[in-house]
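Analysis of the macromolecular model
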Amino acid sequence: MSESPAQPDPSSDDEVVDRLVPLWLREAQPHEASAAHEAQTDWKNRRLSTAAARELADWVTARVTDSAFNEEEGPTHAGPAPISVADKAAVHRWLLAHGHTL
């Protein structure tokens with residue numbers, strides 16, 4: 001018999017989101033100050049608008065793409081935290097669990 005894969009722990013997804021949303025908001029601030037402020041206000045209540053959820057999903061996907069290379073392979077993203085494929089999956093699961101579509 002084969003073992004079924006372990007189900008992701010929702011509390012682990014919460015931890016990833018709690019770590020990454022402030023980084024996303026900080027990076028968004030200089031580019032989209034009004035939208036970042038609105039998302040930050042919503043985030044204080046642990047919610048995101050549909051537009052903010054889409055932006056977060058796109059951001060985490062782009063950050064994985066930027067940080068998934070090693071030194072010999074190419075571009076890196078100079079940011080405050082590396083973001084892994086597992087982090088991206090956790091953010092996407094969290095968004096889906098909170099009623100957002102990707």
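Residues numbered from 1 in each chain as written. Predicted model: local features only at pLDDT ≥ 70, side-chain atom pairs only at ≥ 80, totals over all residues. Heavy atoms only, no water.

Within the structure shown, the criterion is met by 6 salt bridges. Between R46 and D14 there is a salt bridge, with the nearest N and O atoms lying 3.8 Å from each other. Taken as a pair, R46 in the loop between α2 (33-43) and α3 (50-67) and D14 in helix α1 (residues 10-28) lie far apart in primary sequence, 32 residues in all. The shortest N-O distance in the salt bridge between D42 and R47 comes to 3.6 Å. A relative accessible area of 13% means that D42 is categorised as buried. Salt bridges sharing partners connect three or more residues here, namely D14, D18 and R46. (Salt bridge = Lys/Arg side-chain N within 4 Å of Asp/Glu carboxyl O. Helix = DSSP H or I, 4+ residues; strand = E, 2+ residues; numbered from the N terminus. Buried < 20%, exposed > 50% of the residue type's maximum accessible area, 1.4 Å probe, protein only.)

Under the defined criterion, the tally for this structure stands at 1 aromatic pair. Here W43 and W94 contribute two aromatic rings whose centre-to-centre distance is 5.6 Å and whose plane-to-plane angle is 65 degrees, an arrangement assigned as edge-to-face. Placement of W43 in helix α2 and of W94 in helix α4 (residues 85-97) is noted, with a sequence separation of 51 residues between them. On the accessibility criterion, W43 (12% relative accessible area) is buried. (Phe/Tyr/Trp six-rings, centres within 6.5 Å; stacked < 30°, edge-to-face > 60°.)

A word on the side chain of D13. Its location among the elements puts D13 in helix α1. A residue is classified by how much of its surface remains accessible, and D13, at 7% relative accessible area, is buried. Within the structure, the side chain of D13 is placed 2.7 Å from the side chain of R93, a separation counted as a polar contact. Apart from the residues within four sequence positions on either side, D13 is in contact with A90, R93 and W94. (Polar contact = N/O pair within 3.5 Å; in protein donor to acceptor, adjacent residues only side chain to side chain. Contact = heavy atoms within 4.5 Å.)

Now for the confidence of the model for the chain. Here the chain averages 84 in pLDDT, and 76% of its residues register 70 or above. Per-element confidence in the chain is highest for α4, whose mean pLDDT is 95, and lowest for α3, whose mean pLDDT is 88. (pLDDT = per-residue confidence, 0-100.)

This paragraph deals with the layout of surface pockets. Space inside the largest pocket adds up to approximately 350 Å³. Lining the largest pocket are 17 residues; nearest its centre among them are W24, A28, E32, A35 and E55. Listing elements by their share of the lining of the largest pocket, those giving two or more residues are α1, α2 and α3. Residues that form the lining of the largest pocket fall into these classes: 9 nonpolar, 2 polar and 6 charged. (1 Å grid on protein atoms, 1.4 Å probe; cavity = no way out; pocket = protein on both sides within 12 Å on 5 of 7 lines; lining within 4 Å. Points joined across faces, edges and corners; volume = space filled by probe spheres on them. Nonpolar A, V, L, I, M, F, W, Y, C, P; charged D, E, K, R; others polar.)

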